[in-house]
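# Structure at a glance
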Amino acid sequence: MIYYFLNKFYTILRISFLVLYTTSASFGSDQFITLQSTSSVRDSGLLEFILPKFTDQYHVKVKVIANGTGQAIKNAKDCNGDLLLVHSKQDEIDFVNQGYGIKRYDLMYNDFIIVGPANNNLNINANDTLSKVLTKISVSNSKFISRSDDSGTHKKELMLWESSNISINNNSKWYIEAGQGMGATLNIAVGINGFTLTDRSTWLNFMNKADHVIIYQSKTELINYYGITIVNPKHCPDTKLELSQKFVEWLISSAGKTLIDSYNIDGNQVFFTEIYHD
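The structure reproduced in this document is the subject of the present report. Quick caveat, the model's predicted, so the values are computed rather than measured. (Residues numbered from 1 in each chain as written. Predicted model: local features only at pLDDT ≥ 70, side-chain atom pairs only at ≥ 80, totals over all residues. Heavy atoms only, no water.)

Now for the state of the cysteines. On inspection of all chains with the given rule, the structure shows one disulfide. Here C79 engages in a disulfide with C236; their sulfurs sit 2.1 Å apart. Across the S-S bond of C79 and C236 the torsion is about -80°, and the bridge reads as left-handed. Here C79, found in the loop between α4 (69-77) and β3 (83-86), pairs with C236, found in the loop between β9 (223-231) and α10 (241-251); they are 157 residues apart in sequence, far enough to count as distant. (Disulfide = S-S within 2.5 Å. Helix = DSSP H or I, 4+ residues; strand = E, 2+ residues; numbered from the N terminus.)

Encoded structure:
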């Protein structure tokens, strides 16, 4: 239980930092941009690591609004941001093709992992394929907790069930729809001794692991791409195009990439900017 509260405490600290950091943009200067971001990037700690360095160099602050990918995209379509940073590539491409964004830039990647109780009866071993692992979870009626929130992680999870030819329906007692963010979903999985899909960065930062461990990982099958897109001023006239372009150019520059690559949690590199192409 103490780990649960520690995890909550550190999450509140992280969010508080971003609120204090980003809302201060409205005082004393109109030089700020609004970033609609997926929550996993915020929760990883990356933004609080890199944003102050951008502001120090360019005197432009970045206001962060973090949600699941689906909500972040909706917010950007509704002109509630200058930039979009999420991890659902096809949705991002559609966002541009439909006129909501100017161009999507590959930014970085990490990977998804499946986590679950170390002591389980599934006999999962290193030779198991991803499809076999998911089949073992489903046929054994082991609890699987889905974010079910239209996030990038949720979209990826649904794709994995489909590619494994496993049918998911609301009547499956083993399949639990949390409708929550990643941290809350992990807490549910730990609390009921279940399995879930998470991005590695959130898992590294998660304080309430208890006896849960990584059950399956694959740098190729479960790669997790992040892209950044500038909102199209033709759709949203108030988009701060020049400042947004400056931010994107800084992020994808060699200096920006080096900074992203240098961010680590307990010595573990969290994001990688040399994009892996499958």
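Continuing now.
V62, L83, M108, I228, F247 and L251 are the most contacted members of the largest nonpolar core, which totals 30 residues. If you list the elements that add at least two residues to this core, you get β1 (32-38), α3 (46-58), β2 (61-67), β3, β4 (101-117), β9, α10 and α11 (254-262). Beyond its immediate sequence surroundings of up to four residues, L251 is in contact with I50, L107, I228, G256, K257 and I260. (Core = buried A, V, L, I, M, F, W, Y, C linked by side-chain atoms within 4.5 Å. Buried < 20%, exposed > 50% of the residue type's maximum accessible area, 1.4 Å probe, protein only. Contact = heavy atoms within 4.5 Å.)

Here we take up empty space enclosed by the protein. For the coordinates displayed, the defined rule picks out three cavities of 30 Å³ or more. Reported here for the largest cavity is a volume of approximately 50 Å³. In this structure, the largest cavity is lined by L35, V41, L46, L47, I50, L85, L107, M108, I228, F247, L251 and I260. Those elements that place two or more of their residues in the lining of the largest cavity are α3, β4 and α10. Here the lining of the largest cavity takes three residues from α3, the largest share from any one element. Residues belonging to the lining of the largest cavity are distributed by class as follows: 12 nonpolar, no polar and no charged. (1 Å grid on protein atoms, 1.4 Å probe; cavity = no way out; pocket = protein on both sides within 12 Å on 5 of 7 lines; lining within 4 Å. Points joined across faces, edges and corners; volume = space filled by probe spheres on them. Nonpolar A, V, L, I, M, F, W, Y, C, P; charged D, E, K, R; others polar.)

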